[in-house]
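# Examining the three-dimensional arrangement
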Amino acid sequence: MTEIRRIGGRIGAEITGADPNAVPYDELNGLLLEHKALVFRDAGLDEDGQIRFASRFGDLTRAHPTLPPVDDRPDILPVDAEEGIRSNHWHTDVTFIRTPPAVSTLRALVVPPYGGNTLIANAAAAYRDLPEPLREFADRLWAVHSNAHDYILPRGDGDAADSYRRTFTSKRYKTAHPVVRVHPETGERGLFIGGFAERIVDLSAGESRDILRILQSYVTRPENLLRVVWNPGDVVVFDNRVTQHYAPDDYGDLPRVLHRVTVAGDVPAGVTGERSRIVEGDDAAHYTPAA
Ligand SMILES: O=C(O)CCC(=O)C(=O)O
Ligand SMILES: [Fe+2]
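One numbering rule holds for all chains: residues counted from 1, following each sequence as written. Lettering of chains starts at A and numbering of ligands starts at 1, both following the order in which they are written. Only residues with pLDDT of at least 70 are given local features in this predicted model, and only at 80 or more are side-chain atom pairs given and counted; all residues enter the totals for whole chains, interfaces and linings. Side-chain measures were taken over the full set of non-hydrogen atoms in the model, leaving aside hydrogen atoms and water.

### Some words on the sheet that holds strand β15 (residues 257–263)
When DSSP finds at least two bridges between two strands, those strands are taken to pair. Helix numbers and strand numbers start at the N terminus; a helix is a DSSP run of H or I with at least 4 residues, a strand a run of E with at least 2. One open sheet holds the seven strands; their spatial order is β1-β2-β3-β13-β5-β15-β4, and the pairing between them is mixed. In this open sheet, the two strands that pair with only one neighbour each are β1 (3–6) and β4 (77–80). On average, adjacent strands in this sheet sit at an angle of 20 degrees to one another, irrespective of strand direction. Sitting on the sheet, helix α1 (residues 25–35) is in contact with β1, β2 (13–16), β3 (37–40), β5 (103–110) and β13 (235–239), with an inclination near 125 degrees to β3. Together, β3, β5, β13 and β15 form the strand contacts of helix α2 (residues 47–55), whose direction differs from that of β15 by roughly 30 degrees. Simply put, an axis is a line fit to the C-alpha atoms, just over the touching stretch for a helix, and the angle between two N-to-C directions goes from 0 to 180 degrees. In this description, contact between two residues means that some pair of their heavy atoms is separated by no more than 4.5 Å.

Okay, structure coming up:
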C-alpha cells in the first residue's frame, strides 16, 4: 500500500510501497512541486528503471558536462566516494551552465553503515525568510556561477581527488543567473545561488563573498532542510530549480555509491523576466542536447 508522508517541516515527502514509475505523472509532478524533494523507499529500480523514472519529468541531460558517465551509460553519473567524489559543499546541480538541470534523481547502490546522508534545502522558503529589504535587494542581483572557482572544487586528498578536480574543470563555464529565480512551473521565487556562485555582478570579490554568505545562511537554516538517511534501493528526486543539497563527508573511507540522472532544464528567469546569459564557455550542447 502506498503511503506518502511529509518528513521535513518545509521540504520533503517520503513515499513507501510505490513503484515510482507507476505513480501517475500529474500526481508525481504535483508532489515534486509541492514538496521539492521526494524520497522513494525501496523503489525497486535498476539502471533502466532510474532512467525511465527521470525521463518522466522531461528530456534527460548527459551524465555531466565534464565528468565521465557510468560505463556504457551516457546518462548516468556515478557518485562514488572511491573516485574522490565528496559533494560536501552546498550547491544546486550544474548551475555554471545556462540551462542547469530542472530535476535531479539519485539512486543509492552502496551506503555506509553510518553517515553518508544527503541534506536538501528549500531555497524558496529561504527567500521568504529574508527580511523584506533584503528580499528587494536580492531581487535585483545577478551572480556569475563557475565550475572552476576554489570554493566549489571537490574536497579530498590524494590522486583520485586531484584527478577528479582536474577533470571537473577541464572545460570552463561561467554563466550569469538571477540571484532570485522565478520557478517556471509554479511562479514561486527562490534564491538561486549555491556553491558555484562566485561573484555578484558589478560588486567586488569581497563584497560578493559577504553578500552571498548572508543570503546562503538563509538557505541552510535548519528549518529549511531535509536530511535523507539512505538505504540501498532508495531513490530521491529533487527540484533542482529551487533547492540546494550537500553530502556530508563523515564516513571516512567506507564505500558509498549513488547514481545520478538529471533532467534538462530551461534558461532561468529573474523577477523582471530577464534570462540567464553565458559569460564564458558555450551552451553545453553536448551535455543538454534538448536546450
Ligand atoms: O552524494 C550525494 O549525496 C549528492 C551528490 C551530488 O551532489 C550530486 O551528485 O549532485
Ligand atoms: Fe549535486
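### Regarding the coordination of the iron ion (ligand 2)
Metal coordination angles in their ideal form are 109.5 degrees for the four-donor tetrahedron and 90 or 180 degrees for the six-donor octahedron. For Na, K and Ca the donor cut-off is 3.2 Å; for every other metal, N, O and S atoms count as donors within 2.8 Å. Water does not enter the count, which can leave sites looking incomplete. For the iron ion (ligand 2), every protein donor is listed as His 91 (NE2), Asp 93 (OD) and His 245 (NE2), and the spread of their distances is 2.0 to 2.1 Å. In primary-sequence terms, the residues that donate to the iron ion (ligand 2) follow H-x1-D-x151-H. Only protein chains enter the accessibility calculation, which uses a 1.4 Å probe; a residue is then buried when its area is under 20% of its type maximum, exposed when over 50%, and partly exposed in between. In this structure Asp 93 comes out as buried when scored by relative accessible area, which is 2%.

### Here's the deal with the pattern of salt bridges
Close approach of charged atoms allows side chains with opposite charge to pair. In the sections that follow, a salt bridge refers to a side-chain nitrogen of Lys or Arg positioned within 4 Å of a carboxyl oxygen of Asp or Glu. Applying the stated rule across the entire model yields 23 salt bridges. Here Asp 75 ties to Arg 62 by a salt bridge, and the two come within 3.9 Å at their closest N and O atoms. Here the residue Asp 75 occupies a position in the loop between α2 and β4, and Arg 62 occupies one in the loop between α2 and β4, the gap between them amounting to 13 residues. Between Arg 260 and Asp 93 there is a salt bridge, and its shortest N-O distance comes to 3.2 Å. With Arg 260 in strand β15 and Asp 93 in the loop between β4 and β5, this pair connects stretches of sequence that are 167 residues apart. With respect to class, Arg 260 is no different from Asp 93; both count as buried. One continuous salt-bridge network, built from bridges that share partners, spans Arg 5, Glu 14, Arg 41 and Asp 234.

### Focus on the pairing of β2
As paired strands, β1 and β2 are joined by four bridges and run antiparallel to one another. Following the sheet pairing, Arg 6 is matched in β2 by Ala 13. Between β1 and β2, which follow one another and run antiparallel, lie six residues, and Gly 12 among them has a positive phi close to 100 degrees. With the strands aimed away from the viewer, a crossover counts as right-handed if its path from the first strand over the helix to the second runs clockwise. Viewed along the sheet, the connection from β2 through α1 into β3 turns out right-handed.

### Overview of the packing of aromatic side chains
Between 30 and 60 degrees the pair is tilted, below 30 it is stacked and above 60 it is edge-to-face, where a pair is any two Phe, Tyr or Trp rings, Trp via its six-membered ring, whose centres lie within 6.5 Å. Scanning all chains against the criterion turns up nine aromatic pairs. Relative to Phe 57, the ring of Phe 53 has its centre 5.6 Å away and its plane inclined at 85 degrees; by these criteria the two rings are edge-to-face. Per residue, the accessibility class of Phe 53 equals that of Phe 57, and both read buried. An aromatic cluster is defined as three or more aromatic residues linked by ring pairs; in this entry it consists of Phe 96, Tyr 164, Phe 168, Tyr 173 and Phe 196. Either the NZ atom of lysine or the CZ atom of arginine qualifies as a charge over a ring when it sits within 6 Å of the ring centre and within 35 degrees of the ring normal. The aromatic ring of Phe 192 is capped on one face by Arg 181, whose charged end is 4.9 Å from the ring centroid. A cation over a ring is seen here: Arg 277 above Trp 142, with NZ or CZ 5.3 Å from the ring centre.

### A look at the pairing of β15
Counting buried positions along β15 yields seven of seven residues, so the element is predominantly enclosed. Of the two faces of β15, the one lined by Val 257, His 259, Val 261 and Val 263 and the one lined by Leu 258, Arg 260 and Thr 262 are each fully buried. Where β4 and β15 come together, four bridges link them in antiparallel fashion. Bridging across to β15, Leu 77 finds its partner in Arg 260. Of the pairings in the sheet, the one linking β5 to β15 comprises seven bridges and is antiparallel in character.

### Some words on α1
Taken together, the buried positions of α1 are Leu 28, Asn 29, Leu 31, Leu 32, Leu 33 and His 35. The elements touched by buried residues of α1 are β1, β2, β3, α2, β5 and β13. Directly beyond the C-terminal end of α1, a positive phi value near 75 degrees is found at Lys 36.

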